[in-house]
Amino acid sequence: MTVTTERESELLASVPTGLLIDGQWRSAASGKTFDVEDPATGKVLLTVADASAEDAAAALDAAAAAQDAWAAVPPRERGEILRRAFELVTERADDFALLMTMEMGKPLAEARGEVAYGAEFLRWFSEEAVRAFGRYSTSPDGKSRLLVQKKPVGPCLLITPWNFPLAMATRKIAPAVAAGCTMILKPANLTPLTSHLFAQVMQEAGLPAGVLNVISTTTAGATTGPLIKDQRLRKLSFTGSTEVGRRLLSDASETVLRTSMELGGNAPFVVFEDADLDAAVNGAMIAKLRNMGEACTAANRFIVQETVAEEFAAKFAEKMSAMTTARGTEPESKVGPLIDAKSRDKVHELVSDAVASGAKAVVGGAPVDGPGYFYQPTILTGVNEGSRILSEEIFGPVAPITTFTTEEQAVRLANNTEFGLVAYVFTRDLNRGLRMGEKLETGMLGLNAGVVSNAAAPFGGVKQSGLGREGGLEGIEEYLYTQYIGIADPNAG
Ligand code: NAP
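On a predicted model such as this, the values are computed, not experimentally measured, just so you know.

**Side note on the nonpolar core**
Next, step 1: Ranked by internal contacts, the top residues of the largest apolar core, which has 120 residues, are I173, M202, F269, F302, F312, F316 and I389.
Next, step 2: Shared between two domains, this core holds at least three residues of each, these being domain 1 (6–263 + 466–482) and domain 2 (267–454).
Next, step 3: Not counting residues within four places of it along the chain, the set of residues in contact with F312 comprises F269, V271, L277, A280, V281, A284, F302, V304 and I401.
Next, step 4: In terms of nonpolar packing, the next biggest core, distinct from the first, is built from 24 residues, I215, L236, L257 and M261 among them.

Pasting the structure below:
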């Protein structure tokens with residue numbers, strides 16, 4: 001184990017390294033393990049159990065066995081477990097933040113932000129657990145009564161990505177707990193440690209054995225594939241790339257498995273000439289550099305009205321060039337490493353392709369030498385409309401700028417993608433902002449705002465960005481099904 005400080009060693013020593021199955025942390029049936037690395041140094045942080053299909057089957061056995069008793073636990077009690085978990089995560093915010101920075105790379109300040117955001121799902125759904133309302137009504141012909149009730153869908157498989165190791169897990173686990181579902185969590189193999197620590201906190205908060213099972217693995221497809229085909233599994237909630245999402249949707253069709261899909265994005269960031277340019281630049285910094293650009297909500301294409309494009313680019317460049325890259329634990333770190341060498345090389349490939357077809361790197365444009373997978377914060381101007389960088393998810397700290405002249409052209413450019421997760425629009429004209437909301441094909445819109453994530457709001461996309469919503473009033477619905485009972489008229493005799 002190679003770590004840099006005593007505090008880091010102590011924290012790592014407190015993280016469970018096994019698989020959580022039926023309330024017990026255990027080794028993989030095969031005895032296999034895998035290493036988790038620090039992307040800022042490339043060094044091993046911890047070695048954890050590597051699940052196979054056999055372990056996954058044991059996890060589903062546990063989840064299926066616990067389902068009925070868990071669904072019968074009063075909603076208030078389920079809510080109180082979530083509330084305790086919220087308090088425990090908040091008390092241990094520094095531990096969660098440091099662990100995320102170590103395994104994922106984001107600067108500590110951002111990791112603290114994610115802890116607050118991730119914990120908020122626990123608080124929000126602790127409140128929603130008691131509000132899964134149905135209804136009782138008289139049928140239109142008066143001859144019967146209609147009883148509509150909400151019931152937990154049953155055992156769920158939750159698959160999460162590496163970019164928000166805590167929030168992507170709580171955004172699924174909290175509504176599933178609130179709804180009365182049992183679950184199997186499969187975290188990303190690059191960042192399983194935060195999920196392990198969080199699962200331990202859920203145990204401390206009083207979650208019964210078997211309700212939450214955790215199977216970290218390096219063989220995602222082989223390990224979870226049989227679960228998706230098992231009739232006892234009733235729900236798949238996946239956050240990750242559109243490519244893997246498509247494959248899972250196809251697998252899920254075999255048992256007509258209910259799915260929620262939070263997939264990739266290609267967010268346009270549209271700046272009109274009437275915008276407050278300083279506010280737009282501040283919004284651009286957040287929308288681009290949050291999580292080093294490794295976010296599905298990251299602004300991927302800056303579409304700026306021609307009349308202000310030069311001024312916007314100059315102000316944006318001044319801020320971007322002041323951003324320091326360093327391991328997220330360093331006080332000067334504003335931009336951490338990318339998750340691995342493959343991601344960094346892909347970012348550079350997209351930048352090189354854009355530059356080869358005429359774009360200019362006004363800031364950055366290259367990987368950073370030395371250990372870790374850092375990439376320079378980069379701004380590209382004069383990007384050709386056909387460049388790959390405008391159609392693929394960049395997942396790095398790179399901002400390509402293109403220009404437009406009319407509102408219609410801005411809408412056309414913004415919608416010119418198979419993705420539809422989020423868009424950002426900066427304008428002082430509220431009517432124009434709302435008009436853009438009507439014309440943009442996205443599940444979310446940031447109006448003069450560079451970040452939209454909020455536990456109280458429905459997060460999700462349209463087109464190939466996904467199906468379903470997480471958070472808000474809608475979030476718990478993904479884990480409930482509606483049952484209708486037709487009742488004969490009680491007055492009929
Ligand atoms: P990914 O490669 O699709 O992986 C996501 C998860 O799926 C990981 O846990 C991965 O496991 C697992 N997985 C991969 N292949 C699988 C298979 N055949 N069967 C079952 N599970 C499989 O995505 P990523 O690189 O981790 O995450 C980045 C992507 O997530 C981006 O496209 C981003 O836009 C998207 N994202 C979307 C949202 C949203 O809310 N819309 C939020 C965050 C991220 P391994 O780690 O073991 O490969």
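**A short note on the site of the ligand**
Next, step 1: Near the ligand you find 31 residues, and of these T160, N189, S241, L263 and E393 are the closest.
Next, step 2: Here G240 contributes a backbone N or O atom positioned 3.3 Å from an oxygen atom of the ligand.
Next, step 3: Here E393 contributes a side-chain N or O atom positioned 2.4 Å from an oxygen atom of the ligand.
Next, step 4: Contact with the protein chains removes 87% of the 910 Å² of surface that the ligand exposes when unbound.
Next, step 5: Elements with a minimum of two residues in the shell around the ligand: helix 6 (167–179), helix 8 (220–229), strand 10 (235–239) and helix 9 (242–252).
Next, step 6: Across the shell around the ligand, the residue classes break down as 15 nonpolar, 11 polar and 5 charged.
Next, step 7: Looking at which domains feed residues into the shell around the ligand, each of domain 1 (6–263 + 466–482) and domain 2 (267–454) supplies at least three.

**Considerations on the domain arrangement of the chain**
Next, step 1: For the chain, the domain assignment lists domain 1 (6–263 + 466–482) and domain 2 (267–454).
Next, step 2: Computed over C-alpha atoms, the centres of domain 1 and domain 2 are 30 Å apart.
Next, step 3: Across the boundary between the two partners, domain 1 contributes 27 residues, which contact 28 residues of domain 2.
Next, step 4: Between domain 1 and domain 2, a total of about 2,100 Å² is buried, with carbon and sulfur atoms accounting for 58% of that surface.

What counts as what
Residues numbered from 1 in each chain as written. Predicted model: local features only at pLDDT ≥ 70, side-chain atom pairs only at ≥ 80, totals over all residues. Heavy atoms only, no water. Core = buried A, V, L, I, M, F, W, Y, C linked by side-chain atoms within 4.5 Å. Buried < 20%, exposed > 50% of the residue type's maximum accessible area, 1.4 Å probe, protein only. Domains from an automatic or database assignment. Contact = heavy atoms within 4.5 Å. Near = heavy atom within 4 Å. Polar contact = N/O pair within 3.5 Å; in protein donor to acceptor, adjacent residues only side chain to side chain. Areas by Shrake-Rupley, 256 points an atom, 1.4 Å probe, with all protein chains shown as cover. Helix = DSSP H or I, 4+ residues; strand = E, 2+ residues; numbered from the N terminus. Nonpolar A, V, L, I, M, F, W, Y, C, P; charged D, E, K, R; others polar. Buried area = accessible area lost by both parts, 1.4 Å probe.

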